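Structural features, examined
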Amino acid sequence: MRFGARIARFSSPLSLLFSPNPSHLRRNLFSSAPSAKACRLNNECGEFLPWLQQKAGSEISTVLFLGNSIFGKSLYASRAIQAGDCVLKVPYSAQITLDMLPLEISQLLLHGIDNVSRLALVLMAEQKLGAVHIASSASESEWAPYINSLPHMDEMHNTIFWSKDELCIIYQSPVYKETLEQKEHIEKEYSAIQPVLDQFPQIFGDTQLETFMHAYALVSSRAWRTSKGVSLIPFADFLNHDGMSDSVLLSDDSKEISEVIADRNYTVDEEVMIRYGKFSNATLLLDFGFTLPHNIHDQVQLMMDMPSEDPLYVAKLELLHRHCLPKSTNSQTSKTNSTGSSFIIKEVRSHGGKGKGIPQALLAFARVLSATSLEELKEMALEAAENDGRLARRPLKNKDREIRAHSILLSQLNYMVQGHDAAVEHS
């Protein structure tokens, strides 16, 4: 069995650091499971599963039904489900995969084109067939029921589709920068692919950047990592995300099937959930268009600067590099000639011992940053030598210096929170 996670194209560990009031936004950021009583089958939902089972040549599920809710399509228990039950099975033959991209097109694509873009091309080709199907009333796309069930662009809430006013709300968050980088990446992918698209108008039609961006976002938010690289798995992608769920999508290459096992009991009409991955709210917002009010996998990116005007600048950097700046830390000289380092904070350790606590690399950075003399730096180096060479293995022997380092951390956190609060107020 292989574990399949949702793609999350830019799954960097970021965080909003604030909880925006949904009334401030056109977007509904905080999603929760809708009431099953408000969600019943319509004609489209009723026809979808029989179509998929006919295509697969086998039964997909006997315990789930597809319904509409205020959050889009969702899957619900049609009868009582017990933990350990297999709730759905989708064979590889009923999945949209990269090998569906015609060889003459695949050969023309540059080597650097990512798999999300390649599967987006498959999706665009099927969307074109679907458009022909609607215009001519001739069924030309075998995937039309699935393609037609996917959300339109105005129904998607990934941050790349936000307006400038909406993006202002997250201006102080790293998500803002990641959104711009993601849009730039998609535009570059489109520029590299466009010559190929122009050679096959009969397959893709007159394709614009907006069309490609929509298809790219559909893949990046709905596809799963499989042995085939990236796969769209009909029906399975209607399962909504619950970060606390232990239920994940599994793929069995020997049986060529993807399946989901229930992690708990479900009553009739209760929404069945799955975990896309251990994603922070920032990743969920960026790639899927929603956040969770209580996300146990949330985390924060904290930036700390080492000002170049510090008289101990060189000595501090030398100490940090000698005693463990983390490999993931990006040290660089900015326009203000300050060295900045990025650190990830997860759940802070509680009195009961739960949580990750302050990362040792961050605490070491704060201790070095707080030093006011070469003598202090030398003492830190000696203490590090006594503790496996790590600057944050144990608290500093001098309590006043330890408090000073924590005060610097607190000050930086307060500064970030105030910046986010101001951004929300003025949005």
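I will try to describe carefully the structure that is included in this document. Residue positions are given per chain, counting from 1 as you read along its sequence in written order. Residues qualify for local features only when their pLDDT is at least 70, as the model is predicted, and side-chain atom pairs are given and counted only at 80 or more; totals for whole chains, interfaces and linings, by contrast, use all residues. Hydrogens and water molecules were not included; the side-chain quantities draw on all heavy atoms of the structure.

1. Here we look at the overall build of the protein
- Secondary structure assignment for the protein yields 13 helices and 14 strands.
- Each residue's exposure class comes from its accessible area (1.4 Å probe, protein chains only) as a fraction of the maximum for that residue type: buried when under 20%, exposed when over 50%, partly exposed otherwise. By the burial criterion, 51% of the 427 residues in the protein qualify as buried.
- Long-range contacts, defined as pairs at least 24 residues apart, comprise 72% of the intrachain contacts of the protein with a sequence gap of at least 6.
- Split by element, the accessible area of the protein, about 21000 Å² in all, is 51% carbon and sulfur. By the criteria applied, helices consist of DSSP H or I runs no shorter than four residues and strands consist of E runs no shorter than two, each listed in order from the N terminus. A contact between two residues is defined here by any heavy atoms of the two lying within 4.5 Å. Per-residue and other accessible areas were derived by the Shrake-Rupley procedure at a 1.4 Å probe size, with only the shown protein chains allowed to occlude residues.

2. Thoughts on the pattern of salt bridges
- Salt bridges are counted wherever a side-chain nitrogen of Lys or Arg sits within 4 Å of a carboxyl oxygen of Asp or Glu. The full count for this structure, using the stated rule, is 13 salt bridges.
- R222 is the partner of D237 in a salt bridge, and the nearest nitrogen-oxygen pair spans 3.4 Å. Of this pair, D237 sits in the loop between β7 (229-232) and β8 (240-241) while R222 sits in helix α8 (residues 209-222), and the two are 15 residues apart along the sequence.
- Notably, a salt bridge pairs D310 with K316, separated by 2.7 Å at the nearest N-O pair. Comparing D310 with K316 shows no difference in burial state: the two are buried.

3. Quick look at the nonpolar core
- The term nonpolar core refers to a set of buried residues drawn from Ala, Val, Leu, Ile, Met, Phe, Trp, Tyr and Cys, joined through side-chain atoms within 4.5 Å. Residues L64, I81, L88, L119, F204, V219 and F235 are the most contacted members of the largest nonpolar core, which totals 74 residues.
- When residues of this core are assigned to their parent elements, the largest contribution, 8 residues, is made by helix α3 (residues 115-136).
- Residues in contact with I81, not counting those within four places in the same chain, are V63, L64, V87, A262, R264, N265, Y266 and V272.

4. Looking at the packing of aromatic side chains
- Under the pairing criterion, centres of Phe, Tyr and Trp rings, with the six-membered ring standing for Trp, must be within 6.5 Å; the plane angle then separates stacked pairs below 30 degrees from edge-to-face pairs above 60, leaving the rest tilted. The final tally for this structure, using the stated rule, is 13 aromatic pairs.
- Measuring from ring centre to ring centre gives 5.5 Å for F48 and W51, while their planes differ by 50°; the resulting arrangement is tilted. Separated by 3 residues within a single helix, F48 and W51 lie in helix α1 (residues 43-56), roughly one turn from each other.
- Classification of F48 by relative accessible area gives buried; the value is 3%.
- Taking the relative accessible area as the measure of exposure, W51 reaches 16% and is therefore buried.
- On the numbers, 5.9 Å between centres and 40° between planes, the contact of Y190 with F212 is tilted. Residue Y190 is located in helix α6 (residues 174-199), and its partner F212 is located in helix α8; the two are separated by 22 residues in the primary sequence. The same class applies to Y190 and to F212, which are both buried.
- In this structure an aromatic cluster arises from ring pairing among F48, W51, W143, Y146 and F238.
- A ring is considered to have a charge above it if a Lys NZ or an Arg CZ atom is located within 6 Å of its centre and within 35 degrees of its normal. In this arrangement the basic side chain of K55 is found over the ring face of W143, its NZ or CZ atom lying 4.3 Å from the centre.

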